[in-house]
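Summary of structural features
Now for the letters of each chain:
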Amino acid sequence: MTVGSRHQRAPGLPPPWPGDRYEVLCQRLAPFSGTRDQYHFAQFAMESARALEDAGLATRVAVIRLADDTVIYDPVGGVELPQEQW
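Reference entry: report on the structure contained in this document. (Residues numbered from 1 in each chain as written. Predicted model: local features only at pLDDT ≥ 70, side-chain atom pairs only at ≥ 80, totals over all residues. Heavy atoms only, no water.)

1. A short note on the overall build of the protein
Of the regular secondary structure elements, the protein holds one helix and five strands. The order of α-helices and β-strands along the protein, N terminus first, is β-β-α-β-β-β. Per-residue burial for the protein yields a buried fraction of 23% across its 86 residues. Total accessible area on the protein stands at roughly 6300 Å², and carbon and sulfur atoms take up 54% of it. (Helix = DSSP H or I, 4+ residues; strand = E, 2+ residues; numbered from the N terminus. Buried < 20%, exposed > 50% of the residue type's maximum accessible area, 1.4 Å probe, protein only. Areas by Shrake-Rupley, 256 points an atom, 1.4 Å probe, with all protein chains shown as cover.)

This is how it looks when you write it as C-alpha coordinates:
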(Lines give C-alpha, C1' and ligand atoms only; values in the text may rest on other atoms or scores of the structure.)
Protein backbone atom coordinates (compact mmCIF):
# COMPACT_ATOMS: atom_id res chain seq x y z
CA MET A 1 0.00 0.00 0.00
CA THR A 2 1.32 3.43 -0.88
CA VAL A 3 0.77 6.58 1.07
CA GLY A 4 -0.55 9.57 -0.87
CA SER A 5 2.00 12.28 -1.56
CA ARG A 6 0.15 14.86 0.52
CA HIS A 7 0.71 12.71 3.63
CA GLN A 8 4.40 12.03 3.06
CA ARG A 9 7.00 13.75 5.19
CA ALA A 10 10.67 13.10 5.62
CA PRO A 11 11.32 11.11 8.80
CA GLY A 12 12.53 13.13 11.76
CA LEU A 13 11.13 16.48 10.62
CA PRO A 14 8.71 18.27 12.93
CA PRO A 15 5.26 19.17 11.61
CA PRO A 16 5.19 22.51 9.76
CA TRP A 17 2.42 23.93 11.97
CA PRO A 18 2.46 24.61 15.72
CA GLY A 19 0.63 22.37 18.15
CA ASP A 20 -2.75 23.26 19.56
CA ARG A 21 -2.68 25.02 22.94
CA TYR A 22 -6.32 26.02 23.59
CA GLU A 23 -9.59 24.14 23.44
CA VAL A 24 -13.07 25.61 22.99
CA LEU A 25 -15.78 23.47 24.57
CA CYS A 26 -19.32 24.10 23.39
CA GLN A 27 -22.43 22.58 24.97
CA ARG A 28 -25.64 22.61 22.96
CA LEU A 29 -29.26 21.75 23.65
CA ALA A 30 -30.49 18.22 22.88
CA PRO A 31 -30.58 16.62 20.36
CA PHE A 32 -27.35 18.33 19.28
CA SER A 33 -24.07 17.16 20.73
CA GLY A 34 -21.34 19.39 22.09
CA THR A 35 -18.17 20.21 20.22
CA ARG A 36 -14.49 20.51 21.07
CA ASP A 37 -12.29 22.61 18.81
CA GLN A 38 -8.60 23.26 19.32
CA TYR A 39 -6.59 26.35 18.45
CA HIS A 40 -2.96 27.34 18.67
CA PHE A 41 -3.62 31.00 19.44
CA ALA A 42 -5.71 32.14 22.40
CA GLN A 43 -7.09 35.06 20.42
CA PHE A 44 -8.68 32.73 17.85
CA ALA A 45 -10.09 30.48 20.57
CA MET A 46 -11.66 33.45 22.33
CA GLU A 47 -13.08 34.82 19.06
CA SER A 48 -14.62 31.43 18.33
CA ALA A 49 -16.14 31.15 21.81
CA ARG A 50 -17.65 34.62 21.68
CA ALA A 51 -19.00 34.06 18.15
CA LEU A 52 -20.74 30.86 19.29
CA GLU A 53 -22.32 32.76 22.18
CA ASP A 54 -23.34 35.72 20.04
CA ALA A 55 -24.95 33.41 17.48
CA GLY A 56 -26.95 31.69 20.22
CA LEU A 57 -25.67 28.28 19.16
CA ALA A 58 -24.52 27.15 22.60
CA THR A 59 -25.84 26.85 26.12
CA ARG A 60 -22.33 27.01 27.55
CA VAL A 61 -18.93 27.85 26.07
CA ALA A 62 -15.54 27.54 27.76
CA VAL A 63 -11.93 28.05 26.66
CA ILE A 64 -9.28 25.89 28.32
CA ARG A 65 -5.50 26.32 28.17
CA LEU A 66 -4.28 22.78 27.46
CA ALA A 67 -0.82 23.17 29.01
CA ASP A 68 -2.20 23.28 32.55
CA ASP A 69 -5.96 22.69 32.08
CA THR A 70 -6.75 26.22 33.23
CA VAL A 71 -10.15 27.60 32.27
CA ILE A 72 -9.50 31.06 30.86
CA TYR A 73 -13.07 31.81 29.75
CA ASP A 74 -16.36 30.46 31.06
CA PRO A 75 -19.08 33.10 31.47
CA VAL A 76 -21.49 30.64 33.12
CA GLY A 77 -18.84 29.82 35.73
CA GLY A 78 -17.90 33.48 36.10
CA VAL A 79 -14.39 33.08 34.67
CA GLU A 80 -12.81 35.52 32.23
CA LEU A 81 -9.09 35.96 32.69
CA PRO A 82 -7.51 39.15 31.35
CA GLN A 83 -5.70 38.81 28.03
CA GLU A 84 -2.21 38.96 29.59
CA GLN A 85 -3.00 35.72 31.52
CA TRP A 86 -4.12 33.70 28.49
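2. Comments concerning the side chain of Ser-48
Tracing the backbone through its elements, the reader meets Ser-48 in helix α1 (residues 42-55). Exposure remark for Ser-48: the relative accessible area of 16% places this residue in the buried category. Polar contacts involving the side chain of Ser-48 include one to the side chain of Tyr-39, which spans 3.0 Å. In contact with Ser-48, not counting residues within four places along its chain, are Val-24 and Tyr-39. (Polar contact = N/O pair within 3.5 Å; in protein donor to acceptor, adjacent residues only side chain to side chain. Contact = heavy atoms within 4.5 Å.)

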